[in-house]
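Residues per chain are reported as follows:
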Amino acid sequence: FFWKEMRNLLTLRVRSALVDQDIKKFFSCDSDSHIYVITEENILIVWNLNTNKEEESIPLEGDELLESKSEITGCQFIPDLEATCICTKQGDILLYENNSAEVVGSFDAGIVSMAWSPDYELVIFATQNGTLIEMTKDWELVTEVPINELSSDQEVAEPNPNFQARLSWRGDGKVFACVASAPDQEAKLHIFDRACVKEATSEDGVKMEGTNLAWRPSGSVITCTQRLPQRYDTIFFERNGLRHGEFTFRENCSAHQLEWNSSSDLLATLIHQESPESGNVTTAVQIWYRNNWHWYLKQEFLFGEVNSGEEVLAFHWDEEDPMKLITICRAGEVRQILFHWDTTVSAGLNEQNQSMVGVIDGKDLLLTPLRRLVPPPPMAATTLSTESPIKQIFFAPMSYNLFVIHCNGKLNAYRTMKLPPYLPEIKKPGVKGFTGQGEPPVFDQNPELIGELKMENGGDLDFSLLFQWVCLNDHTILAIFCDIDDVSQMPVYSLIVFEYSLVQNSIFETSRINIPGIPLRLYSNPDTGSVFLSLCSNEILRFFAPDDLSLFTTLPTACSTIQSVQFGKKKSDKFESLDDLDLDSDNENEEEDEEILIALNNRSRLYINGEEISRECNSFAVHDKYILYSTLTHKLRFIDHSLPYSREILETTPQHTYDVCNREVERGSRIVAVVPYNTKVILQMPRGNLETIYPRALLLAYCRSLLNRLDYRTAFLQMRHHRIDLNLLYDHNPSQFIENVSKFVNDLDSPTFLNLFLSSLSSDDVTVTLFPKRESVAASLILPSYLERTGNRDGKVNRICSAVREVLEEIGPNRYLLSILTTLVKSSPPRFGEALEIIRKLRNNERAANAEKVAGNITAESALDYMVFLIDVNRLYDVALSLYDFELTIMVASKSQKDPKEYLPFLKELHELTPPEFQKYSIDMHLHNWEKALRHISSLEDDKYYQLALTLIQKEKLFSLGMRLYRENEPRCCEIRELYAKYLFDNGDCEESAILYQQSKQWEKALASYKHTSNWQMVFTLAQKLNYSEADFVQLATSMANSYRNMGHFDDAAQILVEYANDASQAIHCLAQGCLWTSAIRLCHKHHLEGMIEEVIEPAVQESHVIQCELMESKLEAFTKQFERLKVVKRSKILMPQLASLPVDPHLGDVFSETSSFASSRSSFSYVSMSEGGTKKRKRTKKKRISGKEGSLYEEEYLVDALKKLIPAKIEQEEISSLLKVLLLLGKNEDAEELQTLFARFNALVESSLDVIIAPIIAMPGHEEEQEEDNKMKEKIEAKEKLDRLYKQIPWKLSCLEQQ
């Protein structure tokens, strides 16, 4: 209850009823809207507040009832007894129950006060002789004790008619307090426990009144009143009787009743105050609230003078609704006042809105423009003091004039507060960062009073009776009024429309519209001009000028906080990938932006467009781009209303790790205000202080809008201040950035800023990685990256660095030299050499100028220092050395931790080397720049240098580069080629090795290399070239045929035997071995070897038939067994989780036996998924899958894979088809029929089982997540296999042609 000091107590509804009899101050209420009042004639009237009718009227005086003219001292409704207990000063206790009244007890000492415990089990009576009597609800005496302690020789005093006492229980009913006073004694506070045992007494000398007492239900303080010579205070005590603070009434008054509401945050007081002018004493009810040790007067209701019919006699807070107050006047008027905590902030989604917040504190109005400052409560930017307590304030749209309704019915208008000018931040010499100019701004100009708006023609409408005032525009105001129907005596609510003029200070009623129900909340949207009214019947009405109220929507529950916003007001971001795509063209048929209602009820249910968004919302606000709401679980969530309305955008579940639409806030935080077109969100903490946060969602939206407007400097400063990745400057709209890179550099106008931006560049697109937009219809239209134009696919960092460097070089390199160096360093790969070249040129220019340093110019020394800051100095040393500039290298080395005694002799040794190319070779060898070293050493003709080059080529495998460098020197090039061919042969690349040998005319070595390849044609080509004899050809052919036969290349082996060995018989044997029946029969007839058909081919065919039949039978048996097991596994996985809840059914016997056997085979199975990770787990999982143990977690997957392997492939089917044809050709019809029948059975079984095999793997109970991950991985593997089948690359590239 400590976050409401920035909120005002808004009167939601006032409902009046008229008992129409003079009544006494004591009354009581029940939960069924019945009120029990006692008239001046001691008649108990039961009044129904819902129907506004009298239900019972019971005289309390008469036979067996109260004495005539008894003085009532207490009245309380008892829920457990469904009765009303009344006590009198004469000592009688009367109980009204079941439409009758009876006296249930009487005390001779009289009763001055009565208090029932919160659980209504006990009742305490204070008598005139200073004793407390405790009784149960069944009227059994518990105890009787004196209020003041008596000595052993003292007796209880006689009844004193002037004795006063008040009683009050703590909210938990364990203790109660009593304040008692007599004319000859000062009042004292006494604390008793539930058994009437005194625990504490207040200190002497505390001059309190004995007529007022209220214990805060939460138990923290006890409230009394105290009159001092100069002031009148409300004072507080702790349970131990010690003082605990106070606050002073702000009028010359006296309190006659104190009472806390059930939530312990509001203290209501009934006061009598004397007018200094007339001397008349009027009555009022004040409502106070405390926070940060400051007491705010939140509301004051003025009633009539004492002893008049409008005098307020008493009030009570509703026990169930802590925001409902019931008052009763002498003439019988009963008012039910419903309150609601509401933050009054100037509304309007525009940059002129200063988010002015007003906090009511009696006659003072605390004003603060939250756009400019956020002071800690109860402080404020300025305080507007008025003549009378304030009832409500509201702001006019656009002009933001302030209207103040006072409790006396006055309506004042004020001009908006004048704010001091902004003082731009400046950079002072010698001061880090930016600082303000001079003194801070002073907010000392209060809003200027325009005047009091009065009814024209002397209208008699009392503005204090109206509630929920709103300003529609610069001439219209609306308010709600409650009247009583003359016929039905029921309350009638109406919406009154006023026209006002600030020039004439006048206001007049233009229309009065009856509200079809009980109003709950009136709201006006200053941006759209819409007015909405929520009813207690869950309906939302919309007002249309001049006098129309129509149904807008119906909510699931009644909501006391409503607001509207337009969805889809802004267009989506521009497309980058298609230059000719025009999304900004006007669409004549485009619908207007949809206005959606946001509603929050008292049970933390948030609704948008009637759909429940959250069940834990405690506040919400509307920004120009987002709807923000905070939750009871300390989250701040964002909904983007710039997109067209859809159910998907209302989803606030985080979609990724860096989702900016969700963030944590401090426990108990509530939204006070969100500054439009800004990044501020002001939260109030439970302890009362205000905190300003800058959520990433608002910052990104603001920065994106700045980038769209090409305001690069402001965007950069915001991102730098709030530590947003500066890559967003480019990634937000890459093409726009490149087109405006010159403006970007000029806007930043600072080498430091530019260096910061360049040094933070990365290749990642932060709009995808860090700040991705939430999925929406608009986002789904954005083209994927692989469809971007080819011209835009250069490296991001290189593209930015090149564009920025071009601009900087045009501006002039002197000022932005460090930035140019940064662009070179950040390039990919880094261009350190070019950066050092710039420094070397700068050093040379300095020497050539031979003049003093020009102010503002950067020296080579400072540029080098900057390079050392960006790059590891040891790496920079190597780069400097690779430039072969020893002086520059020494400059870099001096910036490092290297020992001069080590690097100076080394550099000197290198410097003395000759010739220069050998010097460069030595440096490159030291730096491991092998290719550069080879280029330098190859330029030297001496043989000793060639030997060094040859050693380097063999060691670092630079054969291709060596052949190119020595291309003009054929002997050396041939030697390198032969070395390369040998290297390739040793590493298994025999075909390329053979080609290189051929180039070197090493025919024997080339032939030997070709023998190890599948290119047998080149083997015999080279044999022909080497003039092999016929015998050598036959020997070579026989050897090659045997090799190819062993490798399974039967067709090639047969061709070699026929063409080069002239051995058709062996070729036929080879073809028969490879089941190439047609080719074998062809050779038999071609070479007149028909006898081999019967001798060789027929036995081979018969053997193949037997093998295929046996293989088919084994496959058929294995497939049938595994397929039946697969069906058992799938059924068991589905049925197992349901078995526990199924009743015993004899018809389920097969299912139970099948499933139980499956479960028993997996005795180690658990429904709880164990978390285990790492390489060991993956290895164990792989072993389990391979084993496929019966009942294991992966058995189904194993069975599916095993069945897929048994399915005949295309080549297998072709083999069967070929075998069937040759069997028929040889006359083996019965064998062919047997094989075909067997293969047809197998194929039919496979076709019937495909539906089961291709069905998704069913997850084992308790392992769903693990199974899902496996399925995803399996899908990726299958997709890769399909891609390989679509386009499978073969080795075609020659390594000797690759560039090095």
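Up top is the structure.
Residues numbered from 1 in each chain as written. Predicted model: local features only at pLDDT ≥ 70, side-chain atom pairs only at ≥ 80, totals over all residues. Heavy atoms only, no water.

### Concerning the sheet that holds strand β4 (residues 43-48)
In space, the four strands of this open sheet follow the order β2-β3-β4-β5, with antiparallel pairing throughout. Since the sheet does not close on itself, it has two edges, and those belong to β2 (23-29) and β5 (53-59), each with one partner. Neighbour-to-neighbour, the strand axes of this sheet turn through a mean angle of 20 degrees, independent of strand direction. Bridge count for strand β3 (residues 34-39) against β4 is five bridges, and the pairing is antiparallel. From the neighbouring strand, Ile38 faces β4, where its bridge partner is Leu44. (Pairing = 2+ DSSP bridges. Helix = DSSP H or I, 4+ residues; strand = E, 2+ residues; numbered from the N terminus. Axes fitted to C-alpha atoms, helices over the stretch in contact; angles between N-to-C directions.)

### Topic: the pattern of salt bridges
The full count for this structure, using the stated rule, is 38 salt bridges. Residues Glu121 and Lys137 are paired through a salt bridge, measuring 3.5 Å at the closest nitrogen-oxygen approach. Here Glu121 is found in the loop between β10 (111-116) and β11 (122-127), whereas its partner Lys137 is found in the loop between β12 (131-136) and β13 (141-146), with 16 residues between them in sequence. Note on Glu121: relative accessible area 32%, which makes it partly exposed. (Salt bridge = Lys/Arg side-chain N within 4 Å of Asp/Glu carboxyl O. Buried < 20%, exposed > 50% of the residue type's maximum accessible area, 1.4 Å probe, protein only.)

### A short note on a negative patch on the surface
Together, Asp32, Glu82, Glu319 and Glu320 make up a region of like negative charge exposed at the surface. For Glu82, the position within the fold is in the loop between β6 (72-78) and β7 (83-88). (Patch = residues over 30% accessible without salt bridge, like charges linked within 9 Å, V, L, I, M, F, W, Y side chains within 5 Å. Areas by Shrake-Rupley, 256 points an atom, 1.4 Å probe, with all protein chains shown as cover. Lys, Arg positive; Asp, Glu negative; His and termini not counted. Charge placed at Lys NZ, Arg CZ, Asp CG, Glu CD.)

### A closer look at the environment of Ile45
With respect to the helices and strands, Ile45 occurs in strand β4. In this structure the C-alpha to C-alpha distance between Ile45 and Gln21, which are 24 residues apart in sequence, comes to 9.7 Å. Excluding anything up to four places from it in sequence, Ile45 contacts Val19, Gln21, Ile35, Tyr36, Val37, Thr39, Glu54, Glu56 and Ser57. (Contact = heavy atoms within 4.5 Å.)

### Looking at helix α22 (residues 1030-1046)
Taking 1.5 Å of rise per residue, the 17 residues of α22 would be expected to cover 24 Å, and the 24 Å separating its terminal C-alpha atoms lies within 8% of that figure. Turning to α22, its buried residues are Phe1033, Leu1036, Ala1037, Met1040, Ala1041 and Tyr1044. Across the axial projection of α22, the buried residues extend over an arc of 135 degrees, all falling on one side. Counted as exposed and oriented over 90 degrees from the buried face of α22: Ala1031, Gln1035 and Asn1046. The first or second residue beyond α22 is Gly1048, which carries a positive phi of 90 degrees. (Expected span 1.5 Å × (residues − 1). Arc of directions from axis to C-beta.)

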